[in-house]
Amino acid sequence: MLAQLKNLRGDKAIWAIVALLALFSFLPVYSASTNLVYVKDTGTTISHLVKHGVLLFLGFMIIYAVHRIPTHYFKGLVLIAMPIILVLLAYTLTVETNIGGVKANRWIPIPFVGVKFQTSTLATVGLMIWIARYLSKIRDTKITFTESVLPLWLPACLVVGLILPANFSTAVIVGILVLILCFLGGYPLKYLSAIVGTGIVIVSIFLFMLFNATEVLPDRAGTWKNRIETFMHPENASADAMRQANDAKMAVAQGGLFGKGAGKSVMKNSLSQSESDFIFAIIIEEYGLIGGLGLLFFYLLLLFRIVVVANSAKTVFAKLLVIGVGLPIVFQAFINMAVVVQLFPTTGQPLPLISMGGTSIWMTCLAIGIVLSASDKKQEELVSSEIDDTNPLEVLSGQL
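Presented here is an overview of the structure given in this document. Keep in mind that what you see is a predicted model, and the values were worked out from it rather than measured.

Here we look at the environment of tyrosine 91
In step 1: Mapped onto the elements, tyrosine 91 comes out in helix H5 (residues 73–92).
In step 2: Placed 17 residues apart in sequence, tyrosine 91 and isoleucine 108 show a C-alpha to C-alpha distance of 8.3 Å.

Remarks on the packing of helix H6 (residues 119–137) against helix H13 (residues 316–340)
In step 1: H13 packs onto H6 with a crossing angle of 155 degrees between their chain directions and a minimal axis gap of 8 Å. As summarised for this structure, H6 and H13 are arranged roughly antiparallel, according to the angle between their axes. Pair H6 / H13 crosses with right-handed handedness. Contacts between H6 and H13 involve Thr124, Val125, Met128, Ile129, Ala132, Arg133, Leu135 and Ser136 on the former and, on the latter, Val316, Phe317, Leu320, Leu321, Gly324, Val325 and Pro328.

Here's the deal with H6
In step 1: Helix length check: H6 (19 residues) gives 27 Å between terminal C-alpha atoms against 27 Å at 1.5 Å per residue, within 8%.
In step 2: The element H6 is largely enclosed, with a buried count of 17 among its 19 residues.

Points about the nonpolar core
Considering soluble globular proteins, one finds that nonpolar side chains tend to be buried as a cluster.
In step 1: Within the largest apolar cluster, 97 residues are counted, with the highest numbers of intra-cluster contacts made by Tyr187 and Leu351.
In step 2: The biggest single contributor to this core is H13, with 14 residues.
In step 3: Not counting chain neighbours up to four residues away, the residues in contact with leucine 351 comprise Ser276, Ile279, Phe280, Ile283, Leu295, Tyr299, Ala333, Asn336 and Met337.

Overview of unusual backbone geometry
Of all residues except glycine, most have a negative phi; of all peptide bonds, most are trans.
In step 1: Residue glutamine 342 is not a glycine yet carries a positive backbone phi of 65 degrees.
In step 2: With respect to the helices, strands and loops of the structure, glutamine 342 is situated in the loop between H13 and helix H14 (359–374).
In step 3: Exposure remark for glutamine 342: the relative accessible area of 25% places this residue in the partly exposed category.
In step 4: Phi is positive for leucine 353, close to 70 degrees, though the residue is something other than glycine.
In step 5: According to the relative accessible area criterion, leucine 353 is buried, its value standing at 2%.

Quick look at the pattern of salt bridges
In step 1: The tally for this structure, following the rule as stated, stands at two salt bridges.
In step 2: Notably, a salt bridge pairs arginine 305 with aspartate 11, separated by 2.5 Å at the nearest N-O pair. Of this pair, arginine 305 sits in helix H12 (residues 279–312) while aspartate 11 is found in the loop between helix H1 (2–6) and helix H2 (12–32), placing the two residues 294 residues apart along the sequence.
In step 3: Looking at aspartate 11, the relative accessible area reads 11%, which means it is buried.
In step 4: Taking the shortest distance from any N to any O, the salt bridge between lysine 260 and glutamate 285 comes out at 3.5 Å.

What counts, and at which threshold
- Residues numbered from 1 in each chain as written.
- Predicted model: local features only at pLDDT ≥ 70, side-chain atom pairs only at ≥ 80, totals over all residues.
- Heavy atoms only, no water.
- Helix = DSSP H or I, 4+ residues; strand = E, 2+ residues; numbered from the N terminus.
- Axes fitted to C-alpha atoms, helices over the stretch in contact; angles between N-to-C directions.
- Parallel < 35°, antiparallel > 145°, perpendicular 65-115°, else oblique.
- Left-handed = near helix turned anticlockwise from the far one by under 90°.
- Contact = heavy atoms within 4.5 Å.
- Expected span 1.5 Å × (residues − 1).
- Buried < 20%, exposed > 50% of the residue type's maximum accessible area, 1.4 Å probe, protein only.
- Core = buried A, V, L, I, M, F, W, Y, C linked by side-chain atoms within 4.5 Å.
- Salt bridge = Lys/Arg side-chain N within 4 Å of Asp/Glu carboxyl O.

Everything listed here is a matter of coordinates, which is why it stays silent on function.
This is the structure we're talking about:
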């Protein structure tokens, strides 16, 4: 074990933060899993804890494997992965899954292992790598909007468009992250402003249709509408619509400054998704405001280390890659926390490395592995202008 620890590369602070978050997750997951056992009648608390441990163990294997891959290899890998991602997203829309009786085709079941794969999580990581690759390629050249439509905006629109029908919040988050990365990557501001303006118009039309012609939108549109109306006008919402929000607020209020103690949550069996989407409410109830702020501190520390790694990276691609795959982790954590304290409407975003889940843990670990790969100062980034950047075999040959 000690020999393996000596082989760990990259930013040691990130390794430590990720390990601490993962270890801490066992406490709230074990506590909140009673909701699955006694309310939903699925499994035992030990079986859910073991499953969570196995998922995290495999996640750390992913981190270890990925962090030893030279950063420039991801340029070639994403050329192969992006078409596969688009096919998986399209296929996901044909797989019948439901949330509370409403169709929400987000997962592909993995045969024989009993785990569902949420393709949007992989698509987010893949798209960020794709955009980082493109932006680094045009960094020192003048680019027109027309020239960037096919290599940049078409893949981005396809990914967001394929996620949207079943997962509106994730589609919006991915779209925002794309714009942030393009801004940081130096994409011409005049084109970016036009895209943002167009996006505002499209969102306005969509919201108009959502509140006036819901029947022409996907099946999940009714859920989106109810969540927005409940958030904007809680005084007019039904008791059933407000149940999740009220239960989360009660959990937070009962936590006080120091909390009730590990495993002593009262609301975990009444709060829906207490083991995943609303696990932060259980953490505050059991560990108080101190525990909640402590967890927030570690995510902020992770963000700080991501920025440090990006700033010290050797190439433009590596800098953009770290921001592109690292920022969504912290962004998702902030959104999850904001939902619990009623700053955002319910989005269904888990708390990274803490929430009980499936492949979302693995995709978070994949992103962390990429960040650690870029933080490895021993790697030699060899850049050759003669390599065909559109040929994945040449990129993967190690010459670039």
